[in-house]
Amino acid sequence: MQPIGAAAALGLGWALFEAQWVELKEIEVPLERLPRELDGLTILHLSDFHLGTVSLNGRTLERAIAWAETDESDLDLVLLTGDLLSRERAEVRLRRAVARLRARHGVYAVLGNHDVGAARRAFGAGLLEDSSVVIDIRGKRVQLVGGHPRMDWKHRALERLADPAADLRILLFHYPDVTQWLPPASYDLVLAGHLHGGQICLPTPRGKLRLEHLQARHWEGLHQTPAGALHVSRGLGTSFVPFRFLARPEATKLVLRCHIDSTP
């Protein structure tokens, strides 16, 4: 039993370490409809802090913010996709974190299914709940739409919020599956979180067995969907247990690029 106990302790130690091992990455996102004036627009996408739980989630958030602060002059937007505050006791910590996030055109957020009421107080006008805002960026109209996780999103509420006159439409929604219910080309870019990349994953011959949610169409990363380009963040925190395995926390800078058709 001693070798089994040692292996279990080693595994738990690694999973606790991985839960703090933030992947800081930058990816380019080609968009079909992106005006040339907006080529290079940079978005910091963060999600799923889960502050207030028994975890080391505050450390991962601190590392992401410290990274963002080194390049904040290059950020056009900071967009957060929910599950930010899981317990009221961490409200002050969330407020301080939000105050440190800066971008040329603002910080905006939506709530997730774990968010408690105090999360609203940290954002004020920057919180999008079944609402939208239009921002002038480089002379172009950029619309940000945010949906509440309990909204009636399967019944075209998000479709009605989309402004066809906007030069760029970005949707913030906690659940990635929202793209299954949107009409084609509803948005240019959809940002989501929720799934934690599975949080605890087991390797199998067929790929990862993800234990957090078991089934999903788009677990993490960048995907092209009929509704629009979708980026799913693995998030920064953990839920239920303070561990991650084969699903590192992440903070991502998205650099939007004009789509170039290579067809002769």
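If you're wondering where the values come from, they're calculated on a predicted model, not measured in any experiment.

1. Brief notes about the overall build of the protein chain
(1) Moving on: When its secondary structure is counted, the protein chain shows four helices and 13 strands.
(2) Moving on: In terms of overall size, the protein chain behaves like a compact globule, its C-alpha atoms giving a radius of gyration of 18 Å where 264 residues would be expected to give roughly 18 Å.
(3) Moving on: The principal-axis extents of the C-alpha atoms in the protein chain amount to approximately 65 × 45 × 40 Å.
(4) Moving on: Buried residues in the protein chain amount to 53% of all 264 residues.
(5) Moving on: Expressed as a percentage of contacts within the protein chain between residues at least 6 apart in sequence, the contacts between residues at least 24 apart total 72%.
(6) Moving on: Averaging the positions of the 32 positive and the 31 negative side-chain charges in the protein chain gives two centres separated by 4 Å.

2. Points about the pairing of strand β7 (residues 168-172)
Within a regular strand, the side chains alternate between the two sheet faces.
(1) Moving on: The buried count for β7 comes to five of five residues, which makes it a mostly enclosed element.
(2) Moving on: Of the two faces of β7, the one carrying L168, I170 and L172 and the one carrying R169 and L171 are both buried.
(3) Moving on: With five bridges connecting them, strand β6 (residues 140-146) and β7 associate as parallel partners. Along β7, the bridge assignment pairs Q143 with R169.

3. Concerning the sheet that holds strand β1 (residues 23-31)
(1) Moving on: Pairing within the open sheet is mixed, and its five strands lie in the order β1-β13-β2-β3-β4. At either end of the open sheet lies a strand with only one pairing partner, and these are β1 and β4 (107-110). Between one strand axis and the next, the sheet turns through 25 degrees on average, direction left out of account.
(2) Moving on: When strand β2 (residues 42-46) meets strand β13 (residues 250-258), the two strands line up antiparallel, connected through four bridges. If you follow H45 over to β13, its bridge partner there is T252.
(3) Moving on: Relative to the sheet, helix α2 (residues 57-70) contacts β1, β2 and β13, its axis offset from that of β13 by approximately 40 degrees.

4. A look at the side chain of Q199
(1) Moving on: Relative to the helices and strands, Q199 resides in the loop between β8 (189-192) and β9 (201-204).
(2) Moving on: Accessibility expressed as a relative area gives 1% for Q199, which makes it buried.
(3) Moving on: If sequence neighbours within four positions are ignored, Q199 has contacts with E212, T238, S239, V241, F243, R244, F245 and A247.

5. Details of the pattern of salt bridges
(1) Moving on: Inspection of the entire model under this criterion finds 18 salt bridges.
(2) Moving on: Taking the shortest distance from any N to any O, the salt bridge between R100 and E69 comes out at 2.9 Å. Linking R100 in helix α3 (residues 91-100) with E69 in helix α2, this pair joins segments that are 31 residues apart in sequence.
(3) Moving on: Take E69: its relative accessible area is 32%, and that puts it in the partly exposed class.
(4) Moving on: One salt bridge in this structure joins E250 and R234, with 3.3 Å as the shortest N-O distance. With E250 in strand β13 and R234 in the loop between β12 (228-232) and β13, the pair connects residues that are 16 residues apart, well separated along the chain.

6. Comments concerning the packing of aromatic side chains
(1) Moving on: Counted under the stated rule, the structure contains four aromatic pairs.
(2) Moving on: Their ring planes at 50 degrees and their centres at 5.1 Å tell us that W14 and F17 sit as a pair that is tilted. On the criterion of helical spacing, the pair formed by W14 and F17 is a turn pair, its members being three residues apart in helix α1 (residues 2-18).
(3) Moving on: You can call W14 partly exposed: its relative accessible area is 38%.
(4) Moving on: Assessed through its relative accessible area of 40%, F17 is described here as partly exposed.

7. Thoughts on a nonpolar patch on the surface
(1) Moving on: Together, L202, L209, L211 and L214 give the surface a local cluster of nonpolar side chains, amounting to about 350 Å² of exposed area.
(2) Moving on: Tracing the backbone through its elements, the reader meets L202 in strand β9.

8. Observations concerning unusual backbone geometry
Glycine aside, a negative phi is what most residues show, and trans is what most peptide bonds show.
(1) Moving on: Notably, R138 is not glycine yet its phi reads approximately 55 degrees, a positive angle.
(2) Moving on: Among the structural elements, R138 can be located in the loop between β5 (131-137) and β6.
(3) Moving on: Exposure remark for R138: the relative accessible area of 38% places this residue in the partly exposed category.
(4) Moving on: Here H194, not a glycine, exhibits a phi torsion of approximately 80 degrees, which is positive.
(5) Moving on: Its location among the elements puts H194 in the loop between β8 and β9.

Definitions and cut-offs
Residues numbered from 1 in each chain as written. Predicted model: local features only at pLDDT ≥ 70, side-chain atom pairs only at ≥ 80, totals over all residues. Heavy atoms only, no water. Helix = DSSP H or I, 4+ residues; strand = E, 2+ residues; numbered from the N terminus. Rg over C-alpha atoms; globule rule 2.2 N^0.38 Å. Buried < 20%, exposed > 50% of the residue type's maximum accessible area, 1.4 Å probe, protein only. Contact = heavy atoms within 4.5 Å. Lys, Arg positive; Asp, Glu negative; His and termini not counted. Charge placed at Lys NZ, Arg CZ, Asp CG, Glu CD. Pairing = 2+ DSSP bridges. Axes fitted to C-alpha atoms, helices over the stretch in contact; angles between N-to-C directions. Salt bridge = Lys/Arg side-chain N within 4 Å of Asp/Glu carboxyl O. Phe/Tyr/Trp six-rings, centres within 6.5 Å; stacked < 30°, edge-to-face > 60°. Patch = residues over 30% accessible without salt bridge, like charges linked within 9 Å, V, L, I, M, F, W, Y side chains within 5 Å. Areas by Shrake-Rupley, 256 points an atom, 1.4 Å probe, with all protein chains shown as cover.

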